[in-house]
Amino acid sequence: FLTGVVGDWKPAAVTIEKADFLLKAGGRQSEMEAAFSGVLESLEGSSLDRIKIADLSCEWGYSKLTFGGVYNTRFEASLKDGRWKVLLNGGFLRQNWIGPLEIEQGVLSIGQSGVEVESLVLKSGEGRLDLEGMVRGPLEMPEFDLKGRFTGFPVEKMFEIDQVQENRFIEGTVSGDLVIN
């Protein structure tokens, strides 16, 4: 709020204790690209190159098919060569009917070409899911090219049905390769 009063405010780093966001989608492709580009362009030429959020929760999507979020994760992002390197530690991930899954660690690289998942390790009890790959394409219908591996992953954490206790009907673990296209 002091911008312009005491000169331009150009921090190199922003540190936030707690943040809760709701990302809304559903606009036309041109509107969504303009909004996303606007955020990236607003950071160009600034001195901001680091963002740390000690406790980040962020939800997205309107319907059960698109709803997801990360909750109570430690978020660190640094800008280098036009790409944001993002580190996620702790907290939980939920997407559609999957989860919540513990985030052991995530390493992402975000830029104009999309989101590169360098490494994402999700856990549930003793089981784990390791993922890597790319998410790109139109914002209203992203294209996924992810590969990973389940190791002793609990079946009941792979889906959730309202008012049903899945573990009464199915139990066990899954191990094997995973491809999401």
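Residues numbered from 1 in each chain as written. Predicted model: local features only at pLDDT ≥ 70, side-chain atom pairs only at ≥ 80, totals over all residues. Heavy atoms only, no water.

**Topic: the overall build of the protein**
On a plain count of helices and strands, the protein comes out with one helix and 10 strands. Along the protein, helices and strands appear, N-terminal first, in the series β-α-β-β-β-β-β-β-β-β-β. Sorting the 181 residues of the protein into buried and exposed places 29% on the buried side. In the protein, the share of contacts with a sequence separation of at least 24, taken over all contacts with a separation of at least 6, comes to 43%. When the accessible surface of the protein is summed, it comes to about 11,700 Å², and 57% of that surface belongs to carbon and sulfur atoms. (Helix = DSSP H or I, 4+ residues; strand = E, 2+ residues; numbered from the N terminus. Buried < 20%, exposed > 50% of the residue type's maximum accessible area, 1.4 Å probe, protein only. Contact = heavy atoms within 4.5 Å. Areas by Shrake-Rupley, 256 points an atom, 1.4 Å probe, with all protein chains shown as cover.)

**So, the nonpolar core**
Residues Ile51, Phe75, Val86, Leu122 and Leu129 are the most contacted members of the largest nonpolar core, which totals 26 residues. Only strand E2 (50-60), strand E3 (68-80), strand E4 (83-89), strand E6 (98-111), strand E7 (114-124), strand E8 (127-136) and strand E9 (143-154) provide two or more residues apiece to this core. A per-element tally of this core places E2 first, with four residues. (Core = buried A, V, L, I, M, F, W, Y, C linked by side-chain atoms within 4.5 Å.)

**A look at the side chain of Ser57**
Among the secondary structure elements, Ser57 is positioned in strand E2. For Ser57, a relative accessible area of 9% corresponds to the buried category. Within the structure, Ser57 has its side chain in polar contact with the backbone nitrogen of Asn72 (distance 3.1 Å). Among all residues touching Ser57, those that are not within four sequence positions of it are Ala19, Asp20, Phe21, Val70, Tyr71 and Asn72. (Polar contact = N/O pair within 3.5 Å; in protein donor to acceptor, adjacent residues only side chain to side chain.)

**Some thoughts on the pairing of strand E5 (residues 92-95)**
Direction of pairing for E3 relative to E5: antiparallel, over a ladder of four bridges. Counterpart to Tyr71 in the pairing with E5 is Phe92. In this structure, E5 lies alongside E6, joined through three bridges in antiparallel fashion. Residue pairing across strands places Gln95 opposite Ile98, the latter belonging to E6. Linking E5 to E6, which pair antiparallel, is a turn of two residues; within it Asn96 sits at a positive phi near 55°. (Pairing = 2+ DSSP bridges.)

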